[in-house]
Amino acid sequence: VQLQASGGGLVQAGGSLRLSCKAQRMILSTFSGSTLAWYRQTSGNQRESVATIGPNSNSNYADSVQGRFTISRDNSKRMMFLQMNSLRPEDTAVYYCKVTYGAQDYWGQGTLVTVSS
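A brief report on the enclosed structure follows. The numbers attached to residues start from 1 for each chain and follow its sequence in the written order. Note on the predicted model: pLDDT of at least 70 is required for a residue's local features to be given, and 80 or more for side-chain atom pairs to be given and counted; whole-chain, interface and lining totals, by contrast, use all residues. As a rule here, side-chain values come from all non-hydrogen atoms in the structure, and water together with hydrogens is ignored.

## A few points about the overall build of the chain
- When you go through the chain residue by residue, the secondary structure sums to 1 helix and 11 strands.
- Put simply, DSSP H or I for four residues or longer makes a helix, DSSP E for two residues or longer makes a strand, and each gets a number counted from the N terminus. For the chain, the N- to C-terminal ordering of α and β elements is β-β-β-α-β-β-β-β-β-β-β-β.
- The principal-axis extent of the C-alpha atoms belonging to the chain is close to 45 × 25 × 25 Å.
- Counting every position in the chain, which comprises 117 residues, the buried fraction comes to 40%.
- The contact rule is simple, with two residues in contact once any of their heavy atoms fall within 4.5 Å. In the chain, of all internal contacts separated by at least 6 residues, the share reaching a separation of at least 24 is 53%.
- Using the Shrake-Rupley algorithm and a 1.4 Å probe, accessible areas are obtained, with residue cover drawn only from the displayed protein chains. Counting only carbon and sulfur atoms, one obtains 45% of the accessible surface of the chain, whose full area is about 6000 Å².
- With 11 positive and 6 negative side-chain charges, the chain shows a spacing of 10 Å between the two charge centroids. Exposure classes here rest on a 1.4 Å probe applied to the protein chains alone. A residue is buried below 20% of its type maximum, exposed above 50%, and partly exposed in between. His is not counted, nor are the chain ends; Lys and Arg add positive charge and Asp and Glu add negative charge. Where a charge sits is defined by one atom per residue type, namely NZ (Lys), CZ (Arg), CG (Asp) or CD (Glu).

So this is what it looks like as structure tokens:
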């Protein structure tokens, strides 16, 4: 299984970005039964959870992004998304996607989001 994240870039504060992550070589039933998540990490800091979405599409968000970010999934395409609105400079980080199935975690390679003030 390989996760390919994309969609990062440079945006001004107040702007929007949409991150995507595709799970390659994962069968549909496994992906559909997985919990999906987006994490982010800045230099010198631990990776932190931003948003998660369960197999039943229940979602949870970090307090810092609640109301601004939306996580979603398209099982048929083995893809997950993070819509980020009203971006702030403190959202600047490398964003990682993660797929969890049972005790197994799969991580994407990260995509850099830079928000300028």
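## Quick notes on the sheet that holds strand β1 (residues 2-6)
- The pairing criterion is simple: DSSP has to find at least two bridges between the two strands. The 4 strands lie next to each other as β1-β3-β8-β7, forming an open sheet whose pairing is antiparallel. Each edge of the open sheet is held by one strand with a lone partner, namely β1 and β7 (69-74). Averaged over all adjacent pairs, the angle separating strand axes in this sheet is 15°, with direction ignored.
- Where strand β3 (residues 17-24) lies against strand β8 (residues 79-84), 6 bridges are found, and the strand directions are antiparallel. Residue pairing in the sheet places cysteine 21 in a bridge with methionine 80 of β8. Orientation is described by lines fitted to C-alpha atoms, with helices fitted over the stretch in contact, and by angles between N-to-C directions that extend from 0 to 180 degrees.

## Description of the pairing of β3
- Bridge count for β1 against β3 is 5 bridges, and the pairing is antiparallel. Each bridged residue has a counterpart across the sheet, and for serine 6 the counterpart in β3 is serine 20.

## Looking at the side chain of threonine 111
- Its place among the elements puts threonine 111 in strand β11 (residues 111-116).
- Taking relative accessible area as the criterion, threonine 111 reaches 10% and is therefore assigned buried.
- Nitrogen and oxygen atoms within 3.5 Å of one another constitute a polar contact, given that in protein one can donate a hydrogen and the other can accept it, and given that sequence-neighbouring residues count only through two side-chain atoms. Among the polar contacts listed, one links the side chain of threonine 111 to the backbone nitrogen of glycine 8, at a separation of 3.1 Å.
- Apart from the residues within four sequence positions on either side, threonine 111 is in contact with Ala5, Ser6, Gly7, Gly8, Leu19, Ala93, Val94 and Tyr95.

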